[in-house]
Amino acid sequence: MNHDLLIELGSEEIPARMVSGLAQQFADQMESRLAATGLIAAAATNRRVFWTPRRVAVVFPAVAQNQPDRDEEQVGPPARLAFAADGALTVQAKNFAAKFGAAPTDLYRVSTLKGEYVAVRRHHRGQSLAQLLDTLLPEAFAALDLPKAMQWQGRAGAKFVRPLRWLLVLHGAEILPVRLAGLMAGRQTRGHRGLSQSQISIESAMTYDEQLRLHFVIAAPQEREATLQSALPAVAGCAGGRHRSDPNLLSLLRDLTENPGVLAGSFAKDYLELPGEVLVTVMRDHQKYFALEDAEGRLLPGFCAVTDLAGEPRAEREAIIRHGHERVLRARFNDARFFWQTDRKRPLFSRLEDLKQVTFQARLGNYHAKTERNLRLAKWLAEQWHADVTTIAIATPLAKCDLTTELVKEFTELQGKIGGLYAEAEGHSPAIRDAIYFQYEPLSTEGPLPPSAEAAALGVADKLDTIAGMFLAGEIPTGSRDPFALRRQANGIIRTLLERTLTLDLNQAQQEAMAGYAEGLGDRATALSGLQQFFQERLEFYLREVGGYALDTVRAVLTVSANDPLDALRRVQAVTSTRQQAATEFAAAAAAMKRIRNIVRKENWTACEWNKDLLQEAAEGELAHCLELHRLGQGGSDIDDRPEIDRYKSELLWAADTGEVLERFFTTVRVNAEDPRLRANRLGLLAWAAQELSRVADFSEIVLADG
Amino acid sequence: MPTHPAAPTYQQLMLQLQAFWAEQGCILQLPFDLEVGAGTMAPETFLRVLGPQPYRVAYLQPSRRPADGRYGENPNRLYKHTQFQVILKPPPDNVQELYLSSLRAIGIAWEQHDIKFEEDNWESPTLGAWGVGWQVMLDGLEITQFTYFQQCGGVDLDPIAAELTYGLERIAAFLQDVESIYDIVWTRTPEGHPVTYGDVRLQDELQMSVYNFELADVERLWQHFELYEAECAALLRATRSDAPSGGRVSLLGAYELCLKCSHLFNLLDARGAISVTERVGVIQRVRALAVGIARAWTAAHIPADVPA
């Protein structure tokens with residue numbers, strides 16, 4: 001009979017960050033194994049996956065009780081070796097039969113492509129689900145990729161993320177007596193820790209989640225999430241505001257509870273004098289509360305906490321729990337207020353000297369020295385970007401001073417922000433505040449950007465100095481190893497340049513940054529080439545992953561130059577639009593360019609020299625004329641006041657149109673001429689064409705649709 | 001002053017926890033009589049979790065963290081707080097239920113509260129030790145660290161030990177519903193007047209903050225560190241069978257010296273005398289001693305004093 005198969009692994013509290021992944025993995029592992037045995041259809045994906053902190057479960061519908069029986073033909077020795085001249089079976093044939101437990105009379109002849117053989121039919125009885133599970137379940141369990149494995153039964157015992165405490169395996173209403181990690185499967189599971197008696201008996205796989213619900217466990221994560229999504233606004237509304245939405249926090253709390261409920265708490269209004277950043281960090285990161293805000297997003301003196309105690313709401317109990325949460329939050333806020341007040345007894349600037357005691361990196365000295373380098377670099381950037389140098393000159397020395405404050409020691413994730421807030425409290429201008437506040441931004445592809453050219457200059461200088469220094473010190477990211485988050489910082493620089501439309505000569509900037517460090521720290525030429533490659537990779541990453549541009553377009557552009565990210569972006573945009581606008585011509589030019597590159601590369605030809613008098617064929621002359629005209633046109637580009645992108649587009653359209661000329665050249669001109677002078681002339685002409693056609697992008701990198 | 005007249009005094013809390021765990025077959029040990037940063041560092045945990053012998057022990061442990069001192073001004077932070085430490089080796093299957101029962105024994109009807117076991121993996125770089133577990137949250141307050149020890153002194157543990165560490169001041173402040181640790185009622189006089197935590201301990205916090213942050217002589221602290229380190233290393237060398245001492249063993253002696261180093265490191269840290277760069281190096285030095293001791297202890301198969 002086909003019945004639902006339920007497997008529940010009962011555990012001590014599985015960390016919220018990993019339980020959903022483990023449940024999916026477990027379901028996948030079981031599904032593929034069951035499908036391989038033929039007990040479920042290979043495409044059966046209507047499984048149901050459940051998880052809570054204390055359980056991971058999967059229900060497969062319509063699983064057979066037994067594997068079907070099957071026959072298998074086992075082919076043995078060739079017939080000429082199986083039968084003696086008199087037709088009797090040979091020893092070899094008898095041995096073959098014996099090996100498979102068959103009588104000699106069971107042997108029969110089969111014809112195969114290789115000739116006639118003897119064979120024996122073997123009957124395989126299908127195994128029962130219980131027998132198979134006894135092997136499959138431990139296999140599936142052992143195949144789980146555990147984010148952080150632990151042992152609880154000693155070295156010989158099982159490995160999981162927390163101790164397994166019970167095992168529930170039901171096929172329909174029947175217990176399948178399989179073993180796992182020293183546990184024997186039964187029908188027992190456990191209800192909610194606080195709201196139900198501990199042991200409950202599941203009647204059948206069909207009633208699993210409904211029985212658990214009666215014992216205050218909501219096994220389906222989607223349902224817990226939906227509960228939270230409706231309860232949060234309702235409770236926040238009753239408290240006179242709305243909760244500050246936070247999807248990551250929501251799914252964390254979904255997986256930290258078996259029966260989530262929401263309660264609102266409040267705190268004294270005067271804590272709102274503390275910076276909102278600090279209040280929210282305490283509530284969200286330290287206490288897992290949702291901050292309460294008004295319709296304009298201003299913080300209100302309240303919060304929403306998610307408890308694991310829904311069920312019958314009893315006012316008295318809720319009052320006690322609320323009181324507890326409010327008490328803890330108050331203590332945390334008091335700590336923060338103490339730091340906020342203590343820190344401000346000293347002006348930020350007076351802490352600059354203290355930075356000599358704060359190490360930046362072992363070989364790169366302290367933060368005082370870094371501040372000096374940052375200042376030099378930030379001024380250099382500010383001049384290029386027409387930013388206010390006075391703002392930079394005041395903000396940069398203050399920028400790292402918050403590292404010595406108690407508040408940043410307590411809330412390290414708020415570095416920079418705290419410094420900005422202290423600067424503001426000391427009466428510095430908003431421009432100075434912003435430059436300090438946003439110096440570490442952007443931290444991700446979505447995070448906020450430095451809001452001004454001054455803030456961008458300080459932020460880019462800080463990151464550039466760090467990256468250059470680390471490359472000099474040999475701390476270069478490799479594979480998954482990037483302990484100083486240099487990739488993230490380079491991404492931050494590139495995003496700032498592109499989205500704030502700032503031009504930068506990276507090569508020059510890198511040299512400028514390295515000049516801030518003492519000679520002898522590391523080989524500058526090596527570091528420079530490493531930096532160029534590193535930034536090119538980051539730029540490629542940004543253009544592809546964030547910009548969504550085609551890989552070959554990006555490569556075609558960056559091969560020409562990746563030195564100014566903003567310029568590279570404009571060229572990528574121009575190529576993308578030209579590819580759409582003049583697809584056929586573009587493809588022809590790309591094909592021709594690949595051909596030129598192949599020839600020039602094969603010959604290792606670099607000189608772009610040619611002589612007009614040696615042009616013999618019409619197509620040769622046409623190409624030379626076309627390139628010559630283009631060169632003359634280039635001369636006038638100084639007074640071309642069109643935006644770069646338009647110039648790039650017309651350049652590309654010209655190159656695309658030249659594809660035809662090149663095609664004619666290749667059909668009528670023999671590059672490999674017998675006269676060496678002619679050959680050299682033609683190679684020189686092609687090398688020059690390659691150079692002229694690749695001012696914006698290298699067409700030979702373009703991948704052609706038809707291969 | 002406490003609004004919960006039924007709540008246990010601090011002293012009753014200590015007694016109730018000890019009584020509960022004594023009932024569960026734990027040896028009640030005395031607090032270790034040297035400076036330690038946590039109950040884990042006492043030899044009753046660090047050395048007993050090594051090796052194959054089953055062991056159950058519980059003890060109070062004053063735990064010194066010089067950098068956390070606040071001159072008695074901060075209502076939530078202490079230089080020296082008190083841990084109640086339980087080691088269950090190997091952990092029984094119902095270890096979580098036992099723990100929850102212990103809460104009931106000190107007057108916490110946990111079913112009436114919002115209780116969560118939130119992931120918190122413990123690691124001590126100085127001891128070469130780590131484990132996985134939770135911080136137990138009661139209405140948003142962390143009341144206990146619950147850890148399954150996996151490795152100690154760089155040695156894989158077999159069997160595993162469960163470690164429960166209760167933060168006594170926090171629990172008492174919660175039960176008595178006071179806003180400041182210093183207002184916790186420690187006990188009552190025969191006349192029924194409250195004796196507070198502040199009455200008993202405030203001077204300690206104040207004076208030790210002065211020492212830790214201001215008066216401790218950095219140069220001499222370094223000298224002490226180096227002396228203890230050298231003696232510890234010498235003892236470790238002497239345990240080798242080819243040593244002139246003939247392999248006379250005093251790993252407990254070595255471990256005490258190692259703990260001295262660890263505390264001196266904390267003092268130097270509180271004095272701001274260790275830069276971030278140096279930090280890693282000094283931690284490595286203490287760790288090397290701890291790892292050496294744990295290895296030698298395991299290799300020596302030191303038998304349990306108590307029948308298994």
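Residues numbered from 1 in each chain as written. Chains lettered and ligands numbered in written order. Predicted model: local features only at pLDDT ≥ 70, side-chain atom pairs only at ≥ 80, totals over all residues. Heavy atoms only, no water.

## Some words on the interface of chain B and chain A
Spelled out, the test is: Here, residues are in contact when the closest pair of their heavy atoms is within 4.5 Å. As used here, buried area is the combined drop in accessible area, with a 1.4 Å probe, of two parts when they are placed together. The rule for a salt bridge is simple: a side-chain nitrogen of Lys or Arg has to be within 4 Å of a carboxyl oxygen of Asp or Glu. Side-chain atoms alone can form a polar contact between residues adjacent in sequence; in general such a contact is a pair of N or O atoms within 3.5 Å, and within protein one must be able to donate a hydrogen while the other accepts it. Only DSSP runs of H or I covering at least 4 residues are called helices, and only runs of E covering at least 2 are called strands; the numbering of each starts at the N terminus. Three classes are used: nonpolar for Ala, Val, Leu, Ile, Met, Phe, Trp, Tyr, Cys and Pro, charged for Asp, Glu, Lys and Arg, and polar for all others, with Gly counted as polar.
Listed per partner, the contact involves 43 residues of chain B and 47 residues of chain A. Surface buried jointly by chain B and chain A totals about 3,800 Å² across both partners, of which 47% is contributed by carbon and sulfur atoms. Applying the counting rule to chain B against chain A returns nine salt bridges. Note that R77 of chain B is salt-bridged to D335 of chain A, the shortest N-O span being 2.9 Å. Counting across the chain B and chain A interface gives 25 residue pairs in polar contact (both at pLDDT 80 or more). At the level of secondary structure, the elements contributing two or more residues to the side of chain B that touches chain A comprise α3 (95-105), β4 (115-119), β6 (129-138), β7 (141-152), β8 (155-167), α4 (168-176) and α8 (276-299) of chain B. A class-by-class count of the residues in the side of chain B that touches chain A yields 17 nonpolar, eleven polar and 15 charged.

## Observations concerning the sheet that holds strand β16 (residues 261-266) of chain A
All names here are of chain A. For clarity, the cut-off: The pairing criterion is simple: DSSP has to find at least two bridges between the two strands. Orientation is described by lines fitted to C-alpha atoms, with helices fitted over the stretch in contact, and by angles between N-to-C directions that extend from 0 to 180 degrees.
Spatially, four strands are ordered β15-β17-β18-β16 in an open sheet, and the strand pairing comes out antiparallel. The strands lining the two open edges of the sheet, one partner per strand, are β15 (242-243) and β16. Of the strand pairs in this sheet, β15 and strand β17 (residues 290-293) are connected by two bridges, and their pairing is antiparallel. The residue bridging R242 from the neighbouring strand is E293, located in β17. Sheet strands in contact with helix α6 (residues 221-238) are β15, β16, β17 and β18 (299-307), and its direction is about 25° off that of β16.

## Focus: empty space enclosed by the protein
With a probe scaled to a water molecule rolled over the atoms, the places where space remains empty come into view. Under the convention used in this document: Put plainly, a pocket is an open set of points on a 1 Å grid over the protein atoms alone with protein on both sides within 12 Å along at least five of seven lines, a cavity is a set where a 1.4 Å probe fits but cannot get out, and a lining residue has an atom within 4 Å of a point. Grid points are joined across faces, edges and corners, and a volume is the space filled by probe spheres set on the points.
Applying the stated rule across the entire model yields six cavities of 30 Å³ or more. What the largest cavity holds in volume is close to 160 Å³. Taken together, 17 residues form the lining of the largest cavity, with E13, R193 and D308 of chain A together with I115 and K116 of chain B sitting closest to its centre. Grouping the amino acids of the lining of the largest cavity by side-chain chemistry returns six nonpolar, three polar and eight charged. By volume, the second largest cavity amounts to about 120 Å³.

## Focus: the confidence of the model for chain B
Atomic detail in the predicted coordinates should be set aside for any region of low pLDDT. Residue and element names in this part refer to chain B. Stated formally: pLDDT measures how confident the predictor is about each residue, on a scale from 0 to 100.
When pLDDT is averaged along chain B, the result is 92; 94% of the residues meet or exceed 70. Predicted confidence is poor over residues 304-308, with pLDDT under 50, and the contacts of this stretch with residues over four places away or in other chains come to six contacts. With pTM at 0.81, the complex prediction returns an ipTM value of 0.93.

## Here's the deal with the sheet that holds strand β4 (residues 70-78) of chain A
All names here are of chain A. Here three strands make up an open sheet; going across it, the order is β4-β6-β5 and the pairing antiparallel. The two strands at the open ends of the sheet, each matched to only one other strand, are β4 and β5 (108-112). Along the sheet, successive strands turn relative to each other by an average axial angle of 45°, direction set aside. Where β4 lies against strand β6 (residues 115-124), seven bridges are found, and the strand directions are antiparallel. Counted as the bridge partner of E72 is R122 from β6. Docked against the sheet, helix α3 (residues 91-99) engages β4 and β6, running at close to 160° with respect to β4.

## Description of the nonpolar core
Heads up, the rule is: We define a nonpolar core as any set of buried Ala, Val, Leu, Ile, Met, Phe, Trp, Tyr and Cys residues linked to one another through side-chain atoms lying within 4.5 Å. Think of it in three bands: with a 1.4 Å probe and only protein chains considered, a residue is buried below 20% of the maximum accessible area for its type, exposed above 50%, and partly exposed in between.
In terms of nonpolar packing, the biggest core is built from 140 residues, with L133 of chain A together with W21 and Y166 of chain B touching the most fellow members. Dropping the residues within four chain positions of it, L133 of chain A is found in contact with L5, I7, M30, L34, P138, V169, L176 and V178 of chain A. The next biggest cluster of nonpolar side chains, apart from the first, holds 137 residues, and it includes L274, C401, L528 and L566 of chain A.

## Brief notes about the packing of aromatic side chains
Residue and element names in this part refer to chain B. Stated formally: Two rings belonging to Phe, Tyr or Trp (six-membered ring only in the last case) form a pair when the distance between their centres is within 6.5 Å. Interplanar angles under 30 degrees mark stacking, angles over 60 mark edge-to-face geometry, and anything in between is tilted.
For the structure shown, the criterion picks out 34 aromatic pairs over all chains. Aromatic side chains Y10 and Y197 sit 5.4 Å apart centroid to centroid with 85° between the ring planes, which places their arrangement in the edge-to-face category. Of this pair, Y10 sits in helix α1 (residues 10-23) while Y197 sits in helix α5 (residues 197-215), and the two are 187 residues apart along the sequence. Considered together, Y10 and Y197 belong to a single accessibility category, that of buried residues. Measuring from ring centre to ring centre gives 5.8 Å for Y71 and F213, while their planes differ by 25°; the resulting arrangement is stacked.

## A look at the pattern of salt bridges
Side chains that differ in charge, positive against negative, can pair when their charged atoms come close. All names here are of chain A. A complete count under the given rule lists 67 salt bridges over all chains for this structure. Two residues, R193 and E13, come together in a salt bridge whose shortest N-O distance is 2.9 Å. Highlighted residues: R193 in the loop between β13 (188-190) and β14 (199-201) and E13 in the loop between β1 (3-11) and α1 (16-37), separated in sequence by 180 residues. Residues R193 and E13 agree in their burial class; the two are buried.

## Remarks on unusual backbone geometry
Of the consecutive residues E441 of chain A and P442 of chain A, the connecting peptide bond is found in the cis state with omega at -10°. Positionally, P442 of chain A belongs in the loop between α14 (430-437) and α15 (453-472). With an omega of 5°, the peptide bond between D158 of chain B and P159 of chain B qualifies as cis. The phi angle at F216 of chain A is positive, at roughly 65°, despite the residue not being glycine. A residue is classified by how much of its surface remains accessible, and F216 of chain A, at 25% relative accessible area, is partly exposed. Positive phi is not limited to glycine here, since T501 of chain A has a value of about 45°. Among the secondary structure elements, T501 of chain A is positioned in the loop between α16 (486-499) and α17 (506-515).

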